[in-house]
Structures are given as structure tokens and as C-alpha cells.
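# Understanding the architecture of this molecule
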Amino acid sequence: MSLSLDVNPLREGLTRERAVDPCIFVIFGGTGDLAHRKLLPALYRLHRSDLLPRGFAIVSYANESLTDESYRETVRGSIAAAGSYLPTTGSDWDTFAEHIYFVSRGENNNSGLLDLKNRLAELDPRIGTEGNYLFYFAIPPAAFASAARDLGYVGLAKDQSGHGWRRLVVEKPFGTDLESARELNRVLLSSFSEDQIYRIDHYLGKETVQNILVFRFANEFVEPLLNARYVDSVQITVAESIGIESRGAFYDRTGALRDIVQNHVLQILSLVCMEPPVSLDADAVRDEKMKVFAGIRKMEPHQVEDYTVRGQYTGGMLLGEKARSYREERDVDPDSTTETFIAAKFYVDNWRWAGVPFYVRTGKRLAKRVTEIGIQLKTVPKILFGESHRDEITPNVIALNIQPDEGISMIFQAKVPGLDYRIQPVKMDFAYESAFGESAPDAYERLLMDAMLGDAGLFSRADSLEATWEVVQPILDGWRIKNTSAYPYLPGSWGPRESSDLIRRDGRGWRRL
Amino acid sequence: MNEHKKTYETAVSESVKNLSSLDSRLTALYTQAIEQGGAVPTSKAVMLNLVIYAANTELADRAFENASQILSHLTGRTILVDLAAKKTQPASVSLICGISERGDKRLCGEVIRLYADGGPVSGMTLPLLIPNVPVYLWVYGEIHSEDADFIDLLRVADHVVVDSRISGKTAPNLRAIDRLSKIDEGRRSLRDLGWISIQDWREATAQHFDAPSLRRCLEQIAEVTVRYSGSDASSVPESAPLLFASWLMERLGIAPTEVFHSRDEGYRISARQDDRPVVVRLFPEPSKLRTGRLLSVTMNCGYNGKAGTFTTEAVSDTQLSLTEDCRDICLPKKVIEAPDIADAQLAAIALSSYRKDRVFMKSIGLALQILRQLELADEKSTRFRL
């Protein structure tokens, strides 16, 4: 028998059937907020779970002038702040810290890049990483293009020996409109090939988002229902109770449509709508998602005000505390018209979903933090129990709860005990935590692992990313042409009244969450 | 390896005079637990039925302790069949609760202990199973695969948990596991605590070859040496080292051809990988560790025209080190945590998976081949002596 050594044959049947190749994880912007709050704690948790390879290093590349040792101390501080249960002393920390290195970009970017290249060349044979480097752009989006070009210029985008792999992870926002997204793709693709680029949307790393595929395609009873014949409408809610916090400068240029709808909401919508992929291969899944994006009806500028509602939170009281208005937030223009809330109605014009409205709403300072997909089925064609019961029978709902109480609920009708037919809706809940008793891994842990493993299934491909901008761009254009205002709403509410009007015009209402 | 460290924090129990009153007694216990829980809400979630089959009361007591430790993690109903116990009451019920990881819920599971007094147990057990959730049968102790009452219980199980580690009974135990796996055309999955206990070693050994260039070694194996805690090599090796060696051989396409053993040299398995000879040695060594526990694994091979040695070694009670001689590629030495895992944690891992472990079944098959060859060698040497 000849062994196939493309994968490690000893891993079959183990908890981890695939393992990360020895590699160096290079963080551009290693002193920034994203690196300290998300990436380094996630890498540390992976280290503690023994999921990182033996040959492994983290090299941070940033403007500051730090030594390896002083950088490790800053990482220790941020990890202590990220979660008190992560130890920052003892053997776990020591073995993690010794994998961390720092290279300063310094005053001259070119010499900084050469320093980085030399450091990688020095580490590579010492820890056996065989030319495998992952570059993570935790830098401002405006710097993505030049950083990618620089990596190509100094020869780090491709392994010259041809044995190792090079990957690039890019954080959202990926462009600010269709044109800028296309331009960024063009620049990245001039240094890296598409299969090297991992465009991250951390929502896709959430366990419950991934469970949408399991719920749909591992349960025979679900899939026959999910089409225009049985589904009345779908609601996707991504609500935050907090305001914009310290992201004023970024948020004021961005708004809820670009920040949440263009990526998180459309990704969720695609998972709900897509046809079964032929496999779980990255491209098989992404091909099906791409078809959904292509099928979303593009709004004409004159339709935008009928299909969308913009909102902006005002000042007021929230849970007994005074909450400032959006325009009073730090780094926000006092006359800003940026939307902190959007409600919209989409249609997916394909055979399966023709005529089914998808209502989405997302915003800041709403009544509660909740992300939910509510799939409302049609009512039964005939009320068997007499017309007087029509009001008692409410439509069935399948609710997929993404956060904070991850799980699935179903609402159906049941007979109230008694001698006559009284009917009442009841709710059946599946709660992840009660069922499995353990918390899901952090989304970044999953996504960093996948990027290191070379599994791009949870990352956006260039064409699908541009396709999401093709959905969003007409809305941006319509708002600009019509000078659409953002309606005010109170903190702790579910957005402006006009949002209720949007759905009420169709004879429906927002789900009470 | 996953750890299930959760501890149970509420255990209320009482005897039951009549099995038909079990449900009302359990309801009363839940009410009691909710009252004790104070501000933390108490939830009942049923993920599984766990039937534990214990041949005597001592085993049943240990099984109860183990079930208590895992029930607050894997909530469900446990039916502990105490085969030998003589009690005036037919059963007792207990409620075991634990706080969830987030700390915002108390999750409870229930244990019904049946005192069988040597009588048939399937008739008492089957009506108590909660419908529509999987049934796990945990055979606590030796496997009674010939017993009709046991087979009746087995037939309702979706998954079976066994333990191959009964010292001195490697051959009958592995054969019994193999027989169990074939009942009803192998429709149920089998989990072996002995197999799970060497998962860290398998993981550590696999880690040597995660680097693609080092993986070439796996098709050029010359010698494998497995050292384990044990006193002598007089009859049959303990199940853990035997299963480990079988796993490695099965994964790497190494077929045993002959087996020898002696007190001084341990067990020597002559084998072939493709057309090349391979030697696999199992050495028992005196150690303060539990009998059968692995001490080191060394693999010698040729790759890229050179020889390589890859070693996984227990450097303390709780740690393994991974080293190799540095040739083309030097991976840093690595130490991983691999404590001897308690039975409750092993069982929790066994109960967390629904998957059939095909690699385990193939490894058992290869272990049985080795045992058969060992018996042949013993028969030959007996004939020679006669």
C-alpha cells in the first residue's frame, strides 16, 4: 500500500483531523487596537488549546520603536485586559511570549520592510516554517493598497522557492463603495492571487452563523419549507444597544449601511437563501452565495425611499441613564447626517425566493443587543377549526438566534386543554448553552485557524464582495440623489417610526424581540 | 484533548419504593433544586440517555461518582444498573446540577439507580429511557457479550462505551469489544476509554509530521519502539501500548508478519511496509505510573536519503515532550500537557461524539492479528519444548 502524504495520515480520527503547517503570522499594525483586543488574545487562546503548530512565530510590524521584549510586555498587558481568565504568567504565557517578535517600520518604510524581510528570513530556518507566511492587515483601510503593493515589491507576496505559501488577511471595511472596492481588489490582485487573499468578516466566524448551514442542510424537515411556496417573509435584525463608542471618526464616514448591511447582513441573508452547495469546499459554498448576491434585486434611485429608512439616534434616557445623541458623540460632525439605523426591504429574484420580502434592520442604541433571523411561514390555506379561530392562528416562525442567546426557536399552534378547540401559539426553544453546556469559540479563533489552514470557506471572494457592493451602491446613490434624511429615534427604541411604516405598508410588523 | 472540569454542585437523592412513582419523585427533586438554586435559573435539558451496566456494587458506586461528574456537563438521564445489589427498595433517584460555563444557568441531569439483585434488568431499564434522544450504554468493567439480558440492553443502544484497560485481560477484552462491534452488523458506534486515554499520545505523535517535508518519513519507517509502564513481557502486552502500536501500523500500512516475546527484549513485531522490513517493539518498564501507561515512542525512518528519529516521551506525570534529530528542518522542542485523565473525563469525551471511530475499529483488528500471532508463537515454542 502506498501512503498518500498530501495530508498527515496519523491525523484521521483525531480531534483535529487537519493541522496548521508551521508558519509565521505577520501582523501589520501589531500595536493597534484590533491586534491587541482581538488577534493576539485569539492567538493566545489557540496556543493554550495546542492548536498552533510547533514551528510558529508572531511577527508584529508597526511604526513604534520597540524591542521584542518590550512588545511582549505590551501584549501581556492587553491580554490581561482582554479576559481575566487568560493567565499572563506561568508556562502557558512564557511559551506563547517566546513566539512573539517585533519589527519596527521606522521612519523609512522601505528599510522597515527590508528589516521585516530579513527577520523572517532569519526566523524561518530556525523554527522550520518553510517559507509559510500569513500577513494580517490590522491597519487602517486606507493603507491596505500600499501595504499590499509593498509586500509584492520586496518579494514577500510569493515564496521564491515555490514550496511555502503566502496568505493575506484583510479586515473590513473593504472599500467604501463599489468603485473603491473594485480598485482595492485590483491592487491586491496585482501582488497576490485570489486564492492567497482572505477577506475577513468576523460574523461568519460565529458558531451560530455556521449553524445556519447545519440547520438547513443536515435536517430533512427544514429545506422543503424554505422557499416562496411556504415562506411569507424573512426578517434579519442586527441590533446593538450600545452607541458608536470610540469609533466616531470611522463611523461618521461609514454609517450603518456600509458598516453592517453591506457585509454582515448580506452574508447572513446569503446563508439563508443559498442553494445546497455540492460540497463544503470554499469555492462551492462561495459560488452558491455569489448566486444569491447576483439575484438580489437592485433598487432604482427613485425606489430607495420606498425600500429603505435611515435613522439617527437622538439623546435621551437609556435604562435610567442619560444617553447622548449621535451628533454629540466624540469625533462626530455636530451636523452629521450619517445613519446609525437602517431598515430595508430586499427581494431575491430567483426561482426559490421570488416574491418573498427580506426585511432587514440594524442600528445602534436600540432596545437590546440581539441578532436574529426570523423566517415567517405562510398561514394555513384553510382554517379547519372554524372562521372564529382565524385570529387565534398566528403564522409559524422559525427563529435563528445568533446572539446573545444562541439557539433556534420555533413557534407553532397548539390546542389549549379543554373541551373545545381553543388554539394558542407556543414556542419551542433550543438553546446552545443548555444543550451543549459550553461556550462557542471566539469568532476570531475560528477565522484565524481557517486562514492558517488555508480554508477560505468563511472568507469573501473578490467577485462576491463586489456583488454585495452592487446591492448597496444604488441605495447610497439613491440617498445622495434624493438627499434622504435620517429620521431621529430615541435611544432604547427599535428605530424611527418610519421603519415600522416600511413593513406595515406590506401588512406585516417587525418581530418583537 | 478536551477537558470537562465542571464540578457538580447540587446532589439531592432519595429512595423509591415503586418504579411507577419515579417521575413524580424526579419532579419533586427538580422543585427542590430550583429552590436551592436561588437567583440562578435551573434548566432541565435532556441530550442523552446513559445506561451504565455495572457488574457489582463497588463498580456501581464508582460509576455513580463518575456519572455525577459528567452529568452537569452532558445533561440527560442516567440509569445505573447495579446488577448485584440487594436492597429493599428497587431504585433510588438523584439530581445532579452544575453551573454552566457562563455562570448564568444551573443545568441538571438525573440518575436512577436500579438495584437488580441478580435478576434481569432490561425489563426494568427500557421503560425508563427518555424517547427520541440517543441511548449510550456504558459497560462498566468486564464485557458480558454472551449474556442475553445484556444483549437486550445493547440492542436499544445507539452508542456503547467500553474500557479495554482491564489489566491482565487484554486479549479477552479486545476480542469481546470486537464481538460487540459486530452485533447487528456494527450499526452502533463504540467508544473505548482505553483508546481515548492514548489520544494525547496519538496527537503528539501526529504533530511530528504536520510539516509536509517531514511527512516523507512516514513511508520509510524502519523501526518503532513503544515503552510503557509494566512489569514483564511474559504473556500479552497491556491494551494501551498494543492499541497504540496497532494504530501506528494500521495508519502507515505496516503489516505484521511475526511476533516474538521474551522477558528481556519485550515484544518484537516483525512487519513489512510495502516491501521493506519494519520492526515494532513494545517494552514494558518498571515505573511508578499506572500499568499500561505509555512512557515513550521512538520512530526511526529514512527520508530525503537520510535517517531520522522522532521521539515522544513522558517527561513527567503530566507532560510529553516532542523531539527529533534536526536535519533539513528544525522544529523547536515542544512540551505538551498530557495528564493521566480520570475515567469521568474520558467518559465525557466518549459521550460527546456520535461519530463511529473507524480508525479505532481498524486498530482493534490489527491488534487482534498481533495477538493471534503472539499465540501462534507461544504454541510453537510450547511444541518445541515438548
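These numbers come from a predicted model, not from an experiment. Per chain, the residues get numbers from 1 upward, laid out in the order the sequence is written. Going through the entries in the order they are written, you letter the chains from A and number the ligands from 1. Note on the predicted model: pLDDT of at least 70 is required for a residue's local features to be given, and 80 or more for side-chain atom pairs to be given and counted; whole-chain, interface and lining totals, by contrast, use all residues. Side-chain calculation: all heavy atoms of the structure are included, whereas hydrogens and water are not.

## A short note on the overall build of chain A
Per the secondary structure count, chain A includes 14 helices and 17 strands. Computation of the radius of gyration draws on C-alpha atoms alone. For the globule rule, the value is 2.2 Å times the number of residues to the power 0.38. Here the C-alpha atoms of chain A give a radius of gyration of 25 Å, agreeing with the 24 Å that 2.2 N^0.38 yields for 513 residues. Based on the C-alpha atoms only, the size of chain A along its principal axes is roughly 80 × 65 × 45 Å. With a 1.4 Å probe rolled over the protein chains alone, any residue whose accessible area is under 20% of its type maximum counts as buried; one over 50% counts as exposed, and the rest are partly exposed. By the burial criterion, 56% of the 513 residues in chain A qualify as buried. Segments assigned H or I by DSSP are reported as helices when at least four residues long, segments assigned E as strands when at least two residues long, and all are numbered from the N terminus.

## A few points about the overall build of chain B
The helix and strand inventory of chain B stands at ten helices and 17 strands. Over its C-alpha atoms chain B spans a radius of gyration of 23 Å, differing by no more than 12% from the 21 Å that the globule rule assigns to 386 residues. Over its C-alpha atoms, taken along the principal directions, chain B stretches across nearly 70 × 55 × 40 Å. Scored against the burial criterion, the 386 residues of chain B give a buried share of 56%. Note on definitions: a residue-residue contact is assigned when non-hydrogen atoms from the two residues lie within 4.5 Å. If you take every contact in chain B between residues at least 6 apart in sequence, the share linking residues at least 24 apart comes to 73%. The Shrake-Rupley method, run with a 1.4 Å probe sphere, supplies the accessible areas, and residue values consider only the shown protein chains as cover. Counting every atom, chain B has about 16,000 Å² of accessible surface; 50% of that belongs to carbon and sulfur.

## Regarding the pattern of salt bridges
All names here are of chain A. Here a salt bridge means any side-chain nitrogen of Lys or Arg lying within 4 Å of a carboxyl oxygen belonging to Asp or Glu. For the structure shown, the criterion picks out 62 salt bridges over all chains. Among the salt bridges present, the one from R199 reaches E194, with a minimum N-O distance of 2.9 Å. Take E194: its relative accessible area is 23%, and that puts it in the partly exposed class. Between D259 and R247 there is a salt bridge, and its shortest N-O distance comes to 3.2 Å. With D259 in helix α8 (residues 248-273) and R247 in the loop between β7 (231-239) and α8, this pair connects stretches of sequence that are twelve residues apart. The network of salt bridges with shared partners includes D283, R286, D287, R461 and D463.

## Describing the domain arrangement of chain B
All domain edges in this entry derive from an automatic or database-based domain assignment. Under the domain assignment used here, chain B contains domain 1 (9-157) and domain 2 (197-344 + 359-381). The gap between the C-alpha centroids of domain 1 of chain B and domain 2 of chain B is 38 Å.

## Digging into the state of the cysteines
One way to say it: the disulfide is the covalent bond shared by the sulfur atoms of two cysteines. Residue and element names in this part refer to chain B. Cysteine sulfur atoms that pair up within 2.5 Å are treated as a disulfide. Under the criterion given, the structure shown has two disulfides over all chains. The disulfide that involves C97 links it to C108, with 2.1 Å between the sulfurs. When the S-S torsion is 105°, as for the bridge of C97 with C108, the disulfide is right-handed. Of the two residues, C97 sits in strand β5 (residues 91-99) while C108 sits in strand β6 (residues 106-115), which places them eleven residues apart along the sequence. Each sulfur in the disulfide pair C217 and C301 lies 1.8 Å from the other. Looking down the S-S bond of the C217 and C301 bridge, the torsion is -125°, so its handedness is left-handed.

## Description of empty space enclosed by the protein
Residue and element names in this part refer to chain A. Each cavity reported here is a set of points on a 1 Å grid over the protein atoms alone in which a 1.4 Å probe fits but cannot get out, each pocket an open set with protein on both sides within 12 Å along at least five of seven lines, and each lining residue one with an atom within 4 Å of a point. Grid points are joined across faces, edges and corners, and a volume is the space filled by probe spheres set on the points. Tallying each qualifying case throughout the model produces six cavities of 30 Å³ or more. In this model, the largest cavity occupies a volume close to 130 Å³. Note on residue classes: Ala, Val, Leu, Ile, Met, Phe, Trp, Tyr, Cys and Pro are nonpolar, Asp, Glu, Lys and Arg are charged, and everything else, Gly too, is polar. Looking at the lining of the largest cavity, its residues break down into eight nonpolar, two polar and four charged. In this model, the second largest cavity occupies a volume close to 110 Å³. Residue lining of the second largest cavity: V170, K172, F174, R199, I200, D201, Q262, N263, Q267, S460, L465 and T468, and that is the complete set.

## Here's the deal with the sheet that holds strand β8 (residues 308-313) of chain A
All names here are of chain A. Whether two strands pair depends on DSSP finding at least two bridges between them. Strand order across the open sheet formed by nine strands is β16-β15-β14-β13-β7-β12-β11-β8-β17, with mixed pairing between neighbours. Either end of the sheet is taken by a strand with one partner, and the two such strands are β16 (422-431) and β17 (487-489). Shown here is a sheet whose adjacent strand axes are inclined to one another by a mean of 20°, direction ignored. Where β7 meets strand β13 (residues 370-377), eight bridges bridge the pair, whose relative direction is antiparallel. If you follow Q235 over to β13, its bridge partner there is G374. Axes, fitted as lines to C-alpha atoms, cover a helix only where it is in contact. Angles between the N-to-C directions of the axes lie from 0 to 180 degrees. Across the sheet, helix α7 (residues 207-217) is in contact with β13, β14 (397-403) and β15 (407-416); its angle to β14 comes to roughly 150°.

## Focus on the environment of P173(A)
All names here are of chain A. Looking at where P173 falls in the secondary structure, it is placed in the loop between β5 (166-170) and α6 (178-191). Separated by 54 residues in sequence, P173 and R119 place their C-alpha atoms 30 Å apart. Each residue touching P173, except ones within four places of it in the same chain, is listed here: P141, F144 and F250.

## Some points on the sheet that holds strand β3 (residues 100-104) of chain A
Residues and elements named next belong to chain A. Strand order in the open sheet formed by six strands is β3-β2-β1-β4-β5-β6, and the pairing between neighbours is parallel. Looking at which strands have only one partner, the edges of the open sheet turn out to be β3 and β6 (197-199). In this sheet, neighbouring strand axes are inclined to one another by 20° on average, regardless of whether the strands run parallel or antiparallel. As judged from the five bridges shared by strand β1 (residues 23-28) and strand β4 (residues 133-137), these two strands associate in the parallel manner. What sits directly across from F28, in β4, is F137. Packed on one face of the sheet, helix α5 (residues 144-153) meets β1, β4 and β5 and runs near 160° to β4.

## Some words on the interface of chain A and chain B
Taken residue by residue, the interface counts 39 residues in chain A and 48 residues in chain B. Take the accessible area each of two parts loses on contact, using a 1.4 Å probe, and add the two losses: that sum is the buried area. Summed over both partners, the interface of chain A with chain B comes to about 3,600 Å²; 47% of that surface belongs to carbon and sulfur atoms. Per-residue buried area on chain A facing chain B is highest for L10(A), R54(A) and E433(A); these three make up 24% of the total on that side. If you look at where chain A meets chain B, you find six salt bridges. Note that K334(B) and D50(A) form a salt bridge whose closest N and O atoms lie 2.5 Å from each other. Think of a polar contact as two N or O atoms within 3.5 Å of one another; within protein, one of them needs to be a possible hydrogen donor and the other a possible acceptor, and neighboring residues in sequence only count if both atoms come from side chains. One can count 18 residue pairs in polar contact (both at pLDDT 80 or more) joining chain A with chain B. Going through the elements one at a time, α4 (109-127) and α11 (432-436) of chain A are the ones with two or more residues in the side of chain A that touches chain B. At four residues, the largest contribution of residues to the side of chain A that touches chain B is made by α11(A).

## With respect to the packing of aromatic side chains
Residues and elements named next belong to chain A. Stacked, tilted and edge-to-face are the three classes assigned to paired rings of Phe, Tyr and Trp, where Trp is represented by its six-membered ring and a pair needs centres within 6.5 Å; plane angles under 30 degrees give stacked, over 60 edge-to-face, the rest tilted. Per the stated rule, a full pass over the model turns up 24 aromatic pairs over all chains. Arranged with centres 6.3 Å apart and planes meeting at 85°, the rings of F215 and F221 form a pair that is edge-to-face. By the criterion adopted, a ring carries a charge over it if an Arg CZ or a Lys NZ lies within 6 Å of its centre and within 35 degrees of its normal. Lying over the aromatic face of W479, R310 brings its terminal NZ or CZ to 4.6 Å of the ring centre. One cation-aromatic arrangement involves K345 over Y307; the distance from NZ or CZ to the ring centre is 5.2 Å.

## A look at a positive patch on the surface
Patches here are clusters of residues that have more than 30% relative accessible area and form no salt bridge, with a 9 Å joining cutoff for like charges and a 5 Å cutoff for nonpolar side chains (Val, Leu, Ile, Met, Phe, Trp, Tyr). His is not counted, nor are the chain ends; Lys and Arg add positive charge and Asp and Glu add negative charge. Every charge is mapped onto a representative atom, which is NZ of Lys, CZ of Arg, CG of Asp or CD of Glu. Taken together, the side chains of R187(B), K356(B), R358(B) and K362(B) make up a positively charged region of the molecular surface. On the basis of relative accessible area, R187(B) is assigned to the partly exposed category, the value being 42%.

## With respect to the pairing of strand β13 (residues 276-285) of chain B
Residue and element names in this part refer to chain B. The buried fraction of β13 is high, at seven of ten residues. As judged from the seven bridges shared by strand β12 (residues 266-273) and β13, these two strands associate in the antiparallel manner. Within the sheet, the bridge partner assigned to R268 lies in β13 and is R281. Where β12 folds back on β13, the antiparallel hairpin that results is connected by two residues, among which D274 adopts a positive phi of roughly 50°.

## What about the nonpolar core?
Note on terminology: a nonpolar core comprises buried Ala, Val, Leu, Ile, Met, Phe, Trp, Tyr and Cys residues joined through side-chain atoms within 4.5 Å. Counting residues in each nonpolar core, the largest one holds 151 residues, and the members touching the most others are F28(A) and M452(A). The element contributing the most residues to this core is α8(A), with twelve residues. Sequence-distant contacts of M452(A), that is, excluding residues within four places in its chain, are made with V20(A), C23(A), F25(A), L43(A), L46(A), L52(A), F56(A), L134(A), W165(A) and R167(A). By size, the runner-up hydrophobic cluster in this structure holds 94 residues, among which are V16(B), I183(B), M299(B) and I364(B).

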